[in-house]
Amino acid sequence: MQAFKQGVFYQIYPRSFKDSNGDGIGDIRGIIQKLDYLVSLGIKYVWLSPVYASPNVDFGYDISDYLSINPEYGTMADMEQLIKEGKKRGIHFVMDLVMNHTSSDHAWFKASLDPNSPYRDYYYHRPGKGKKLPNNWTSFFGEKAWSKNEDGTYYLHLFAQNQPDLNWDHPNMYNEFKHIIEFWLKKGIAGFRCDVVNVMYKTSLDNGKPRLFLKGLEKYHSTQKNHEILRRIRKELIQPYGAFLVGETVMVNTQQANDLLGNESEKELDMVFGFEHMDADQFLVKWFKRKFNPDKFNRILIQWQKDLPWNANYFENHDQPRSVSRYGSAHYHKESAKMLSTVLLTLKGSPFIYQGQEIGMTNVDYKSLDEYMDVETKNIWALAKQLWIPKFYRWHMIKTVSRDNARSPMQWDSMGGFSTGKPWLRINHNQKKINVAIQENDGDSILSYYKRLIKIRQQHPALIEGDFVPLIAKKGLFAYHRVLNNQKILVVLNMSTKYRKIKLNMDGEILLQNYPPMEMKRLRPYEARVIEVTHDQV
Ligand code: TEU
Ligand code: CA
């Protein structure tokens, strides 16, 4: 088993994690200050959202120089120090790697604006078709996928206007990224989280089929050449360093996800972030009505557990609303946050905790559009306005789905714990009640529960390597076994606000539960129990 499979992952969104110098922006020295906190939680791997030079149109996912650190976050020396301090504490870093696009401020793109430059074909520059754009593709952020250059030609961007797509047909592209990947691996990082890694290669720039959303998708989604590129990166660059790759793979089913893992002789990614479970509450596209259906959610989780050898499990990241606001309950805040953590940490695969999830941080409480900073949020607002969607509904969409729900600063204490200055994005007023300082001193807190759960995962090989055996997924009840040799763990969960009878033998040693242990036969609202089935019952 690869070493990384033993450890729990934690995602840091550096801008919002911890500010060390009072400018209101999280930074690398801030992360160093909080390494001991991560140790106390039991974290072994930290995925850092991008810290590279960036004009911040998409807060770091628009990279202008892959080999330097955004001065707002610190220096290369700070980064080296972070890796070193991490290593001392048994924490390894995973860097974010964006290979589909760069910032339009990247030197390659600037050079490419000259038609005679050797960088011209690093990107897709094309003339329009008469008065029309080069094709009918639309972007992930809801706009047209082409923007105009000064000379009247257009360039392709599947994300924001300032994120031009790279051309992976260019003979230099692989070597450019080889240099970048090796640069970081030599600094001692453990691997990469690869942004939108299954849409890099475009087979043609022909018009896409009619679709409500993402016209053009079939021209670049998980293409054969994309697989070849990943295999080569894996074999020539990742393998020699004993590193690993986690891919963010958009719009894949389990079959396509498996293809992106490759096979024994031709490996690609080590694990993938799928989206199917995260889309379980959506209708048509994510911006319309949402309703959480726990049975659907659990059925999708079960399918991914069965179909993939190893999953990257997550319920939150910097793009998603907070899980307790989405799948849990404000009324049963503590119970539902603990219940969700129980699922996350006992499924088969690598658990990814997103900063703040471990204290049950909720969606933001912003009162107007000016409080939001995210480019996607602003684009969608404008687009909805063009479509005459009424203001109250636009507001509802933003409130429930905006990516800033996840990006508001970490709630370290009830005042100023994130920064002594004014935070770049407003902190949720509920920091008075939901924060690390309070929860560190409370044995019954969500944070304390996470710590216990991580220890239990470490102490029970069945929870790491064991088979996943589903038992129940209906009426909001979810139950499964994790089994390895003669160790058997039973996990039972109630994902509803109702009391539920459960027809299961729950005898055994309770390793953890999120309520006092009185009720035996029924599960209380959002109750979770982790039970070790004792030997004679196996
Ligand atoms: O996300 C890709 C992606 O699919 C998301 O843009 C998704 O469509 C949307 O965020 C859901 O709300 C990655 C990064 O995680 C994201 O932060 C970047 O904005 C994007 O790529 C472009 O680099
Ligand atoms: Ca700072």
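Residues numbered from 1 in each chain as written. Chains lettered and ligands numbered in written order. Predicted model: local features only at pLDDT ≥ 70, side-chain atom pairs only at ≥ 80, totals over all residues. Heavy atoms only, no water.

(A) Structural context of empty space enclosed by the protein. Per the counting criterion, the structure on display carries two cavities of 30 Å³ or more. By volume, the largest cavity is sized at about 130 Å³. In terms of lining residues, the largest cavity is bounded by 13 residues, among which His 277, Leu 301, Trp 304, Asn 311 and Asn 313 are the most central. When residues of the lining of the largest cavity are traced back to their parent elements, those giving at least two are α8 (294-307) and β14 (312-314). At four residues, the largest contribution of residues to the lining of the largest cavity is made by α8. Looking at the lining of the largest cavity, its residues break down into eight nonpolar, five polar and no charged. (1 Å grid on protein atoms, 1.4 Å probe; cavity = no way out; pocket = protein on both sides within 12 Å on 5 of 7 lines; lining within 4 Å. Points joined across faces, edges and corners; volume = space filled by probe spheres on them. Helix = DSSP H or I, 4+ residues; strand = E, 2+ residues; numbered from the N terminus. Nonpolar A, V, L, I, M, F, W, Y, C, P; charged D, E, K, R; others polar.)

(B) Representation of the nonpolar core in the model. Grouped together as the largest cluster of nonpolar side chains are 158 residues, with contacts concentrated most on Tyr 10, Leu 38, Leu 48, Met 79, Phe 177, Phe 192 and Val 343. Each residue touching Phe 192, except ones within four places of it in the same chain, is listed here: Val 94, Met 95, Leu 97, Ile 181, Trp 184, Leu 185, Ile 238, Phe 244, Leu 245 and Val 246. Within the second largest apolar cluster, ten residues are counted, among which are Ala 479, Ile 502, Met 506 and Val 533. (Core = buried A, V, L, I, M, F, W, Y, C linked by side-chain atoms within 4.5 Å. Buried < 20%, exposed > 50% of the residue type's maximum accessible area, 1.4 Å probe, protein only. Contact = heavy atoms within 4.5 Å.)

(C) Up close: the packing of helix α5 (residues 173-186) against helix α6 (residues 224-238). Between α5 and α6, the least distance of the axes is 11 Å, while the angle of their chain directions is 45°. The orientation of α5 with respect to α6, classified from their angle, is oblique. The element α5 and its partner α6 pack so that their crossing is right-handed. Facing Tyr 174, Lys 178, Ile 181, Glu 182 and Leu 185 of α5, the residues of α6 in contact are Arg 232, Ile 233, Glu 236, Leu 237 and Ile 238. When grouped by side-chain class, the residues that make up the contact of α5 with α6 number six nonpolar, no polar and four charged. (Axes fitted to C-alpha atoms, helices over the stretch in contact; angles between N-to-C directions. Parallel < 35°, antiparallel > 145°, perpendicular 65-115°, else oblique. Left-handed = near helix turned anticlockwise from the far one by under 90°.)

(D) Examining the pattern of salt bridges more closely. One pass over the full model with this rule turns up 31 salt bridges. Among the salt bridges present, the one from Glu 80 reaches Lys 187, with a minimum N-O distance of 2.7 Å. On the criterion of sequence distance, the pair formed by Glu 80 in helix α3 (residues 76-88) and Lys 187 in the loop between α5 and β9 (191-194) is long-range, its members being 107 residues apart. You can call Glu 80 partly exposed: its relative accessible area is 37%. Close ionic contact of Asp 195 with Arg 193 constitutes a salt bridge, the shortest N to O distance being 2.8 Å. On the basis of relative accessible area, Asp 195 is assigned to the buried category, the value being 8%. Where salt bridges share partners, they join Asp 58, Asp 319, Asp 374, Glu 376, Arg 403 and Arg 407 into one cluster. (Salt bridge = Lys/Arg side-chain N within 4 Å of Asp/Glu carboxyl O.)

(E) Highlighting the coordination of the calcium ion (ligand 2). At the metal site, the calcium ion (ligand 2) is ligated by Asp 19 (OD), Asn 21 (OD1), Asp 23 (OD), Ile 25 (O) and Asp 27 (OD), and these contacts range over 2.3 Å. Between the donor residues of the calcium ion (ligand 2), the gaps in sequence give the motif D-x1-N-x1-D-x1-I-x1-D. (Donors = N, O, S within 2.8 Å, 3.2 Å for Na, K, Ca; no water.)

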